[in-house]
Amino acid sequence: MVALQDIFRAIAQAEDEQTLRSYIFTDISHYFAATRSGLFFFDQSHLIDKAILIALSPQYNPVARYLLERHAPVHEALVVEPKTWKLICPRPDHYHVMAGPIVSAGKLVGALGFTRQQDIPAFDSQNLTDLSAICLHISTWVTMTQAQHPPLQTAGLTSREVEIATLVAQGCSNTEISRELWITQNSVKQALKRMFRKLEVSSRTQMLAKLSTVAQSQQLPK
């Protein structure tokens with residue numbers, strides 16, 4: 001099994017969000033013997049399936065509410081009875097759940113979640129302790145990455161183009177973008193061409209640089 005120190009180093013060395021997600025889906029999921037895993041950022045809610053957004057809602061989900069109120073890792077047994085949890089989340093692959101907070105600048109900006117199916121033991125206190133440490137490192141990574149890569153200024157782009165620009169900034173390929181947005185690769189290519197013309201650039205790198213430069217200039221004190 002991968003060691004916690006190896007996980008910490010891998011998080012720190014992740015070059016972009018896509019790399020970080022890939023590591024979560026493999027090694028970190030294996031570490032927790034998870035059936036499913038997910039990394040969610042609330043400023044990317046437009047990229048998240050509506051059904052998942054409802055499931056993550058604090059009004060609906062006591063696990064999400066615990067995260068929002070306490071900024072601390074939690075598993076379902078800490079907040080509800082087993083029978084109640086089955087009513088809230090009847091999916092067999094979400095029989096047990098555990099989630100931890102991603103925090104930046106004192107705010108909850110995202111969550112890291114894992115699930116187990118019924119035939120796997122429930123998450124325990126040691127899992128929560130380990131998740132707390134992992135979330136601390138991911139939170140640090142997020143804060144440092146945001147400082148290095150300021151938010152994009154997407155004024156003038158359509159909502160679909162904003163989605164594509166956001167995924168490009170995360171390091172996604174055209175194939176990954178098409179799969180994430182449920183559109184064809186050709187649609188992604190054509191959208192990028194339109195975006196390049198609007199921004200008067202000729203590459204992804206130039207596009208991101210220009211969007212970031214505009215965002216930085218608008219944040220400067222007047």
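Everything here concerns the structure above.
Every chain's residues receive numbers from 1 upward, in the order its sequence appears when written. Only residues with pLDDT of at least 70 get local features here, since the model is predicted, and only at 80 or more are side-chain atom pairs given and counted; chain-wide, interface and lining totals rely on the full set of residues. To obtain the side-chain values, all non-hydrogen atoms of the structure were included, while hydrogens and water were left out.

### Structural notes on the pairing of strand 4 (residues 107–116)
Within strand 4, 8 of the 10 residues are buried, leaving the element largely enclosed by the surrounding structure. Examined bridge by bridge, strand 3 (residues 96–104) and strand 4 share 9 bridges and lie antiparallel to one another. By the bridge assignment, Val 97 is partnered in strand 4 with Thr 115. Following DSSP output, two strands are said to pair if at least two bridges run between them. Helix numbers and strand numbers start at the N terminus; a helix is a DSSP run of H or I with at least 4 residues, a strand a run of E with at least 2. Following strand 3, the chain reverses through 2 residues before pairing antiparallel with strand 4; Ala 105 in that reversal takes a positive phi of roughly 55°. Each residue is assigned to one of three classes by its accessible area relative to the maximum for its type, calculated with a 1.4 Å probe on protein chains only: buried under 20%, partly exposed between the two thresholds, exposed over 50%.

### Some details on the packing of aromatic side chains
Between rings of Phe, Tyr and Trp, where Trp is taken as its six-membered ring, a pair exists when centres lie within 6.5 Å; planes separated by under 30 degrees are stacked, by over 60 edge-to-face, and by other angles tilted. This structure, assessed with the given rule, holds 2 aromatic pairs. Judged by centre distance (5.1 Å) and plane angle (85°), the ring pair of Tyr 31 and Phe 32 falls under edge-to-face. With 5.0 Å between their ring centres and 50° between their planes, Phe 32 and Phe 114 make a pair best called tilted. In this pair, Phe 32 sits in the loop between helix 2 (17–31) and strand 1 (36–41) while Phe 114 sits in strand 4, placing the two residues 82 residues apart along the sequence. Accessibility assignment for this pair places Phe 32 and Phe 114 in one class, buried. Ring pairs connect the aromatic residues Tyr 31, Phe 32 and Phe 114, which therefore count as one cluster.

### As for the nonpolar core
Side chains of nonpolar character tend, in soluble globular proteins, to be buried together. Note on terminology: a nonpolar core comprises buried Ala, Val, Leu, Ile, Met, Phe, Trp, Tyr and Cys residues joined through side-chain atoms within 4.5 Å. Within the largest apolar cluster, 26 residues are counted, with the highest numbers of intra-cluster contacts made by Phe 32, Leu 112, Phe 114, Ile 134 and Ile 138. Breaking this core down by element, the ones donating at least two residues are helix 1 (4–13), helix 2, strand 1, strand 3, strand 4 and helix 6 (125–148). When residues of this core are assigned to their parent elements, the largest contribution, 7 residues, is made by helix 6. Should any heavy atoms of two residues lie within 4.5 Å, those residues are counted as being in contact. If near-sequence neighbours (up to four positions away) are discounted, Ile 138 is found in contact with Ile 11, Leu 20, Ile 24, Ile 102 and Leu 112.

### Comments concerning the packing of helix 7 (residues 159–169) against helix 8 (residues 174–181)
Packed helix pairs are characterised by how far apart their axes lie and by the angle those axes make with each other. Axis separation between helix 7 and helix 8 bottoms out at 10 Å; the angle between their running directions is 130°. The orientation of helix 7 relative to helix 8 falls into the category oblique. Where helix 7 crosses over helix 8, the handedness of that crossing is right-handed. Residues Arg 160, Glu 163, Ile 164, Leu 167 and Val 168 of helix 7 lie in contact with helix 8, whose contacting residues are Ile 177, Glu 180 and Leu 181. Note on residue classes: Ala, Val, Leu, Ile, Met, Phe, Trp, Tyr, Cys and Pro are nonpolar, Asp, Glu, Lys and Arg are charged, and everything else, Gly too, is polar. When the residues that make up the contact of helix 7 with helix 8 are grouped by side-chain class, the tally is 5 nonpolar, no polar and 3 charged. Where helices are involved, their axes are fitted lines through C-alpha atoms of the stretch in contact, as for all axes, and angles between N-to-C directions lie from 0 to 180°. Oblique is the label for every angle not falling under 35 degrees (roughly parallel), over 145 degrees (roughly antiparallel), or within 65 to 115 degrees (roughly perpendicular). By definition, turning the near helix anticlockwise from the far helix through less than a right angle yields a left-handed crossing, and turning it clockwise yields a right-handed one.

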